[in-house]
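Each chain, letter by letter, is given below.
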Amino acid sequence: MKDSARQCSARVSRVLPFSCVDGPGNRLVLFLQGCNFNCPSCHNPHTIGLCEHCGDCVPGCPSGALTLDEGRVSWQAALCTDCDACLDICPRSASPKTSIMTVAEVLSLLRRYGPLLTGITVSGGEATTQLPFVIALFTAIKQAQDLAHLTCLLDSNGSLVETGWRRLLPVLDGAMIDLKGWRESVHLSLTGYGRERVLASLQLLAEEDKLAELRLLHVPGRSDFLDEQGELAPDLVAFLRRLGSVPIRLNGFRHHGVRGEARNWPQASRSELVLLANRLTGIGLGPVSLPALMSE
C-alpha cells in the first residue's frame, strides 16, 4: 500500500480495543468524530459536532487537562481524569478529547491485539463523513497478509450516497444500519434528516449481500413501526421483505447519555420491544434480537 494511503488520517473520538456488541466475535471498534444527523435520542451526543476551539470547556476542566494555546484547545491525556465535564459544557455537542489517527497507527493497534480479534468495526458519530479514511483503512487491512483474516464492518446511519457505497463495497464485509423512523416526518423528527438516503442504502446493501444488520429504534410515543393497534404498517412490511433475510436488532430508547428534550421522553420497556419482535417474526422476518438488559 502506498505511503500516502497509510498516512491518510481521521479524527477519532475513542478506540475500544475489545467489544462483543459491535458485530460478531471480538472486535476493535474505532469511533470517529462528527455526525451529519442530530438525534435527540443519541447516547453519545459528544460525537456529533467538531470542536471549534471556542475555549468554553477550558475553565471547567478540574484537572487542568485542557488549555487554550494560540486560539486552539489542547488536551493532555496524561492529566485527564475522564470526568467528562468538558462534554457537558460544550454547546456544539463536540469533544476536545479527540485525536488524529493515521491508517498506519490503526494497523499497529490491530497487530497488537490481532490474535484476540475477529475484526474491526468503524463507528461514530457517523463514520462515512470521513469516507476516504475508512476506504484506505479497510483496503490496507485486506492487503496485509497478517490482518486479512479480520472482517471489516461499518456501523452507519445509512446517509451515504450510492457513489460512496460503490467505492467502499469492494473492501467492506458488512454494514450495520440504523432505521430510526419509518415515515418521513417521523424519521426527520428523530434524526433531523430525511429517510430517502437511508432506505436507498438499505436496499443497495441488501442487494450486494453487505447488509449485516438492520437496527430499529423504538421510542415510545414517537416511533411508527407499529400503528395504534400494534400492527406493522403494510408499506413497512413490503420494504422489509424486499431486503430479504437480514438480521434485525431492536433497540429501545433509554435516557443514558441523552441531552435536552429527550431526557423527558419515556423509556422503552422490554414488553414493547417483545411485541415489535413478535410482529416481525410473525411474518417471517428476522432473525430478531433484543437488548440483553431492559426493564419490563
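Residues numbered from 1 in each chain as written. Predicted model: local features only at pLDDT ≥ 70, side-chain atom pairs only at ≥ 80, totals over all residues. Heavy atoms only, no water.

As annotated in an unreviewed UniProt entry, the chain carries the name YjjW family glycine radical enzyme activase and is attributed to Aeromonas enteropelogenes. UniProt lists a comment for the chain under the heading Sequence similarities (unreviewed entry), and it reads "Belongs to the organic radical-activating enzymes family." Under Cofactor (unreviewed entry), UniProt gives the following word-for-word description of the chain: "[4Fe-4S] cluster". (UniProt positions renumbered as here; feature names shortened; annotations may be inferred.)

Participant: What is the right way to read unusual backbone geometry from this model?
Facilitator: Most peptide bonds adopt trans geometry, and most residues besides glycine take a negative phi value. The omega torsion of the bond from G124 to G125 falls at 15°, within 30 degrees of zero and hence cis. Here G125 shows up in the loop between β6 (119-123) and α4 (131-143). With an omega dihedral of 20°, the bond running from G286 to P287 counts as a cis peptide bond. Of note in the backbone geometry, E70 takes a positive phi value of approximately 50° without being a glycine. Structurally, E70 is set in the loop between β3 (66-69) and β4 (72-75). With a relative accessible area of 85%, E70 lands in the exposed category. Phi is positive for D84, which is not a glycine, with a value near 65°. (Helix = DSSP H or I, 4+ residues; strand = E, 2+ residues; numbered from the N terminus. Buried < 20%, exposed > 50% of the residue type's maximum accessible area, 1.4 Å probe, protein only.)

Participant: In this structure, what is going on with the nonpolar core? I would like to understand it.
Facilitator: Generally speaking, soluble globular proteins have nonpolar side chains that are buried together. L137 and F138 are the most contacted members of the largest nonpolar core, which has 71 residues in total. Setting aside residues no more than four positions away along its own chain, L137 makes contact with L30, V103, V106, L107, I120 and V122. V58, L66, V73 and C86 belong to the second largest nonpolar core, which has nine residues in total. (Core = buried A, V, L, I, M, F, W, Y, C linked by side-chain atoms within 4.5 Å. Contact = heavy atoms within 4.5 Å.)

Participant: How do you make sense of the UniProt feature "domain: Radical SAM core" (unreviewed entry) in the chain when you look at a structure like this?
Facilitator: Per the UniProt record, the feature "domain: Radical SAM core" (unreviewed entry) sits at residues 21-291. The distance separating the terminal C-alpha atoms of residues 21-291 is 10 Å; by composition the span is 29% helix and 18% strand.

Participant: I keep staring at the side chain of Q130 and nothing clicks. Help me out?
Facilitator: Here Q130 is to be found in the loop between β6 and α4. For Q130, a relative accessible area of 15% translates into the label buried. One polar contact links the side chain of Q130 to the main-chain amide nitrogen of R11, over a distance of 2.8 Å. Among the polar contacts listed, one links the side chain of Q130 to the backbone oxygen of Q33, at a separation of 3.1 Å. Residues within four places of Q130 in sequence aside, it is in contact with A10, R11, L32 and Q33. (Polar contact = N/O pair within 3.5 Å; in protein donor to acceptor, adjacent residues only side chain to side chain.)

Participant: Just to check I follow, could you spell out the packing of helix α3 (residues 103-113) against α4 for this structure?
Facilitator: Pairs of packed helices are described in terms of their axes, by the angle between the two and the distance that separates them. Close contact between α3 and α4 brings their axes to 10 Å; oriented N to C, the two are set at 45°. By the angle class used here, α3 and α4 are oblique. Relative to α4, the crossing made by α3 is right-handed. Across from V103, V106, L107 and L110 in α3, the residues of α4 making contact are F133, A136, L137, A140 and I141. A breakdown of the residues in the contact of α3 with α4 according to their chemical character gives nine nonpolar, no polar and no charged. (Axes fitted to C-alpha atoms, helices over the stretch in contact; angles between N-to-C directions. Parallel < 35°, antiparallel > 145°, perpendicular 65-115°, else oblique. Left-handed = near helix turned anticlockwise from the far one by under 90°. Nonpolar A, V, L, I, M, F, W, Y, C, P; charged D, E, K, R; others polar.)

Participant: I would appreciate a short explanation of the packing of aromatic side chains in the present structure.
Facilitator: Remark: the centre distance and the inter-plane angle together describe each pair of aromatic rings, the angle taken between the planes. This structure, assessed with the given rule, holds four aromatic pairs. When the centroid spacing of 5.1 Å and the interplanar angle of 75° are considered together, the rings of F18 and Y113 count as edge-to-face. Of this pair, F18 sits in strand β1 (residues 9-19) while Y113 sits in helix α3, and the two are 95 residues apart along the sequence. Classification of F18 by relative accessible area gives partly exposed; the value is 36%. R14 extends its terminal NZ or CZ atom over the ring of F31, reaching a point 4.5 Å from the ring centre. One residue, R195, lies across the ring of W182, its end atom 4.6 Å from the ring centre. (Phe/Tyr/Trp six-rings, centres within 6.5 Å; stacked < 30°, edge-to-face > 60°. Lys NZ or Arg CZ within 6 Å of the ring centre and 35° of its normal.)

Participant: Can you walk me through the environment of E162 in this structure?
Facilitator: Within the element layout of this structure, E162 appears in helix α5 (residues 162-168). Its relative accessible area of 47% is what places E162 among the partly exposed residues.

Participant: Help me out: how do you make sense of the environment of P247 in this one?
Facilitator: With respect to the helices and strands, the residue P247 is situated in the loop between α8 (234-243) and β10 (248-252). Note on P247: relative accessible area 31%, which makes it partly exposed. Separated by 34 residues in the primary sequence, P247 and E213 have C-alpha atoms spaced 5.0 Å apart. Apart from the residues within four sequence positions on either side, P247 is in contact with A212, E213, L214 and P287.

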